[in-house]
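Structural features, examined
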Amino acid sequence: MARPTVSSPTECGVPATRTTSSVDRRFSDLDGILYLSWIFVFSILRAVVFHPFVLVLTAKQTGLVHESVPTLRALSELARSAQFGGSYLRALSPGLAASILGLCVSECVNMGLLEYLRQMLPMPQESLRDGVGAYMSDAASHFFDIPVQVVATLQMAKAFRTPVDAAVEHQKGGVNVVHHHHHHHGEPGGAAKWAAPVPKMDFFTVGRSVFKERGVRGLWAGYGTTLVMGSSWGGLWWLGYLRSKEVFYAGALRVASSSSRVSSSSPGDVNHSSTSLLSDVKLAAVPGFLRPCFSLTDNPLIHVAASVVTSATTTAMFNPFSVIRTRLQCAAGASALSLRQVVRDVYRDHGMWGFWLGTRLNVGTNVVDGILIAQTYESARLLSDHHS
């Protein structure tokens with residue numbers, strides 16, 4: 001589906017009254033500073049909402065919490081541990097500040113660069129431009145994100161390693177801490193136990209510890225794997241989302257056209273005298289906050305549908321990468337493991353199923369996260385559009 005390339009509303013003589021849509025809106029249509037500011041604000045909200053799921057997912061993918069333990073139960077047991085004294089807010093705090101910092105910076109880089117490259121890359125095909133731009137922007141964002149993510153992952157994993165009375169926990173039917181990956185004191189297979197306590201888990205203490213033990217390499221643990229697999233995942237997600245969105249908007253236009261409300265067949269050529277699935281009379285009866293749900297230009301329901309389809313598909317495909325990266329980052333200290341060792345240990349302890357540890361939670365969280373990513377991206381573009 002071809003789209004026009006716009007350099008600047010003033011340079012190319014585009015009228016100031018040009019109306020844009022989610023499909024044809026371009027980087028040159030945006031106020032860059034305002035665009036990044038909105039991304040930053042929305043990313044803070046996204047990090048806070050998403051953090052409890054990431055906390056438990058990290059524990060499951062590293063084998064510290066059994067796959068069958070529900071998320072709320074794992075959080076409840078963590079909050080009741082001696083370390084957090086029954087406080088759910090304190091139990092949710094490990095890694096939160098680092099996650100917010102990493103997400104805000106990486107998403108500003110990712111979405112800002114993505115939107116720029118989608119317009120500026122000298123490639124004739126739209127899909128190729130979007131795919132290459134998505135991969136490049138994702139790879140660039142992870143350069144800033146990985147060091148903070150390493151610290152956050154260690155903070156979250158260490159929260160579940162706090163020593164408690166294991167017998168009491170099992171009697172309560174609590175969180176099952178699974179075997180460590182190496183034998184301890186001659187015990188065959190390694191006994192299920194809590195690891196040694198970590199006195200401090202604040203950002204600077206954990207970061208300094210990783211740097212002291214492994215230097216710069218430790219802070220970028222998993223970056224090579226991320227470039228190969230993670231950025232491919234990110235690039236595929238964006239390409240799938242953008243194409244799915246176009247398909248859904250085209251379908252909505254066909255529905256509207258069949259009702260003789262618009263005559264265009266392309267989302268970029270919407271007849272803006274009627275940009276709703278409803279007639280003007282019916283639309284007037286709809287509450288204002290619901291009217292965007294019937295829009296043919298910026299429809300949040302279409303963005304949700306496109307993100308859900310894309311997130312569910314790509315997460316199931318790339319779950320093995322997620323397991324491997326999480327374990328590499330949790331082993332970023334003195335006991336750091338190579339990629340080959342991590343793969344071998346996962347297969348030895350769990351078989352092929354080990355590469356799909358946490359899949360249900362991972363798909364669920366990434367579907368939710370995909371919705372938040374899509375809404376952040378689309379809302380920031382709409383709110384910073386010169387023509388809005």
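Residues numbered from 1 in each chain as written. Predicted model: local features only at pLDDT ≥ 70, side-chain atom pairs only at ≥ 80, totals over all residues. Heavy atoms only, no water.

On to the pattern of salt bridges, then. Throughout the structure, instances matching the rule amount to 15 salt bridges. Arg 118 serves as the salt-bridge partner of Asp 130, at 3.0 Å between the closest nitrogen and oxygen. Placement of Asp 130 in helix α5 (residues 126-159) and of Arg 118 in helix α4 (residues 96-120) is noted, with a sequence separation of 12 residues between them. Each member of the pair, Asp 130 as well as Arg 118, is classed as buried. Here Asp 130 falls in the buried class, since its relative accessible area comes to 0%. (Salt bridge = Lys/Arg side-chain N within 4 Å of Asp/Glu carboxyl O. Helix = DSSP H or I, 4+ residues; strand = E, 2+ residues; numbered from the N terminus. Buried < 20%, exposed > 50% of the residue type's maximum accessible area, 1.4 Å probe, protein only.)

Looking now at the side chain of Thr 359. Tracing the backbone through its elements, the reader meets Thr 359 in helix α13 (residues 359-383). On the basis of relative accessible area, Thr 359 is assigned to the buried category, the value being 15%. Excluding anything up to four places from it in sequence, Thr 359 contacts Glu 67 and Asn 319. (Contact = heavy atoms within 4.5 Å.)

Let us now look at the packing of α5 against helix α7 (residues 203-214). Look at α5 against α7: their axes get within 9 Å of each other, and the N-to-C directions meet at 110°. The angle between α5 and α7 falls in the class roughly perpendicular. On α7, the residues touching Val 148, Val 151, Leu 154, Gln 155 and Lys 158 of α5 are Phe 203, Val 206, Gly 207 and Val 210. Looking at the contact of α5 with α7, its residues break down into 6 nonpolar, 2 polar and 1 charged. (Axes fitted to C-alpha atoms, helices over the stretch in contact; angles between N-to-C directions. Parallel < 35°, antiparallel > 145°, perpendicular 65-115°, else oblique. Nonpolar A, V, L, I, M, F, W, Y, C, P; charged D, E, K, R; others polar.)

Glancing now at the nonpolar core. Ranked by size, the top nonpolar core spans 22 residues in total, and within it Leu 55, Val 65, Leu 78 and Phe 160 carry the most contacts. Secondary-structure elements contributing two or more residues to this core are α1 (32-61), α2 (71-79) and α5. The element that contributes the greatest number of residues to this core is α5, accounting for 5 residues. Among the nonpolar cores identified, the runner-up in size contains 16 residues, and Met 111, Trp 237, Ile 373 and Ala 374 belong to it. (Core = buried A, V, L, I, M, F, W, Y, C linked by side-chain atoms within 4.5 Å.)

Now for the packing of α1 against α5. For the pair α1 and α5, interaxial distance at closest approach is 9 Å and the crossing angle is 70°. Taken together, the axes of α1 and α5 are roughly perpendicular relative to one another. Along the contact surface, α1 presents His 51, Val 54, Leu 55 and Thr 58, while α5 presents Thr 153, Met 156 and Ala 157. Tallied by class, residues from the contact of α1 with α5 come to 4 nonpolar, 3 polar and no charged.

Any segment with low pLDDT has predicted coordinates that should not be analysed in fine detail. Of the residues in the protein chain, 78% reach a pLDDT of 70 or more, and the chain-wide mean stands at 78. Per-element confidence in the protein chain is highest for α4, whose mean pLDDT is 93, and lowest for helix α6 (residues 166-171), whose mean pLDDT is 36. Predicted confidence for residues 162-199 stays below pLDDT 50, and this span has 61 contacts to residues more than four positions away or in other chains. Across residues 261-265 the pLDDT falls below 50, and counting only partners more than four positions away or on other chains, this stretch makes 18 contacts in the model. (pLDDT = per-residue confidence, 0-100.)

Taken as a whole and assessed by the stated rule, the structure comprises 0 disulfides. The closest cysteine sulfur to the non-disulfide-bonded Cys 104 is located on Cys 108, 6.7 Å from its own sulfur. (Disulfide = S-S within 2.5 Å.)

A rise of 1.5 Å per residue sets the reference length of α7, with its 12 residues, at 16 Å; its end C-alpha atoms lie 17 Å apart and thus fit the reference within 8%. Of the positions making up α7, those classed as buried are Val 206, Gly 207 and Val 210. Buried residues in α7, looked at end-on, bunch into an arc of 100°, giving them a common side. Every exposed residue of α7 that faces more than 90 degrees away from the buried side is listed here: Phe 204, Arg 208 and Lys 212. Where α7 is buried, its residues touch α5 and α8 (216-219). Among the residues trailing α7, Gly 215 stands out with phi positive, at a value near 70°. (Expected span 1.5 Å × (residues − 1). Arc of directions from axis to C-beta.)

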